[in-house]
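The chain contents come next:
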Amino acid sequence: MNESEASGSWSPAMPVDAASIRRLVERFYQRVRADDELGPVFNDAVHDWPEHLETLTGFWRSVMLGEKRYHGRPVPAHFRHRARMAPHMFARWLALWRMTAQEIFAPEDAAAFVERAEMIARSLQYALYQELPPRPPHMRQKGRD
């Protein structure tokens, strides 16, 4: 194992595959759990972290690799915790996701993970609060936003 692998930092040879997605999910949720704002919500909501991480790894493998590993219903799962959440928390969640993806993947791969996460966050935010945050600049279509 070289120094880059030992430290867990990005390597140009790191592909988007099941192992790298697992690494992303695990590192991201370590940050979420330790976050002053998000941590209390997630730590109260999730009672079995290993199972939850497995579910979310399956979700992201489905999203990014097209695997049929996730069969859950994310809107009802999040709706149960709506009283503890607020729309602005999605921005913090996305900031942590972006930071983690950029550490693990090549820039173009990290951007793909972030783009998907932004779309998912917008959908969840709308489902939970019937409001959409402004689209990030890279998601805006000329003449529409």
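The protein chain goes by Group III truncated hemoglobin in an unreviewed UniProt entry, where it is assigned to Camelimonas abortus.

## Some remarks on the side chain of Ser-62
Relative to the assigned elements, Ser-62 resides in helix H4 (residues 49–65). Residue classification places Ser-62 among the buried residues on the basis of a relative accessible area of 18%.

## Regarding the nonpolar core
In summary, soluble globular proteins display a tendency toward joint burial of nonpolar side chains. Core analysis: the biggest nonpolar cluster contains 36 residues, and Tyr-29, Trp-60, Trp-93, Trp-97 and Phe-113 have the highest contact counts within it. Of all the secondary-structure elements, those providing two or more residues to this core are helix H2 (18–34), helix H3 (38–45), H4, helix H6 (89–104) and helix H7 (107–129). Apart from residues lying up to four places away in sequence, Trp-60 is in contact with Ile-21, Val-25, Leu-65, Trp-93, Trp-97, Phe-113, Arg-116, Ala-117 and Ile-120.

## Brief notes about H6
For H6, built from 16 residues, the straight-helix expectation of 22 Å at 1.5 Å per residue is met to within 8% by its first-to-last C-alpha distance of 23 Å. Taken together, the buried positions of H6 are Met-89, Phe-90, Trp-93, Leu-94, Leu-96, Trp-97, Thr-100, Ala-101 and Ile-104. Down the axis of H6, the sector holding all buried residues measures 165 degrees, keeping them to one side. More than 90 degrees from the buried face of H6, the exposed residues found are Ala-91 and Gln-102.

## Regarding the environment of Ala-83
One can find Ala-83 in the loop between helix H5 (74–79) and H6. Along the backbone, Ala-83 and Val-41 are 42 residues apart, and their C-alpha atoms lie at a distance of 9.9 Å.

## Looking at the pattern of salt bridges
According to the stated counting rule, one finds nine salt bridges in the structure shown. With a closest N to O distance of 2.8 Å, Glu-54 and Arg-22 form a salt bridge. On the criterion of sequence distance, the pair formed by Glu-54 in helix H4 and Arg-22 in helix H2 is long-range, its members being 32 residues apart. Across the salt bridge formed by Arg-84 and Asp-44, the nearest N and O atoms sit 2.6 Å from each other. Taken as a pair, Arg-84 in the loop between H5 and H6 and Asp-44 in helix H3 lie far apart in primary sequence, 40 residues in all.

Rules used in this analysis
Each chain carries its own residue numbering, running from 1 in the written order of its sequence. The model is predicted, so local features are restricted to residues of pLDDT at least 70 and side-chain atom pairs to those at 80 or more, both for listing and for counting; the totals for chains, interfaces and linings are taken over all residues. Remark: hydrogens and water are excluded; side-chain values derive from all non-hydrogen atoms of the structure. The numbering of helices and of strands both runs from the N terminus, where a helix is a DSSP run of H or I of at least 4 residues and a strand a run of E of at least 2. Between buried and exposed lies partly exposed: a residue is buried under 20% and exposed over 50% of the maximum accessible area for its type, with that area taken using a 1.4 Å probe on protein chains only. Think of a nonpolar core as a cluster: buried Ala, Val, Leu, Ile, Met, Phe, Trp, Tyr and Cys residues, connected wherever their side-chain atoms sit within 4.5 Å. Contacts are assigned to residue pairs that have any heavy atoms within 4.5 Å of one another. A helix is expected to reach a length of 1.5 Å times the quantity of its residues less one. As used here, the arc is the angular range of directions from the helix axis to the C-beta atoms. Any Lys or Arg side-chain nitrogen located within 4 Å of an Asp or Glu carboxyl oxygen qualifies as a salt bridge.

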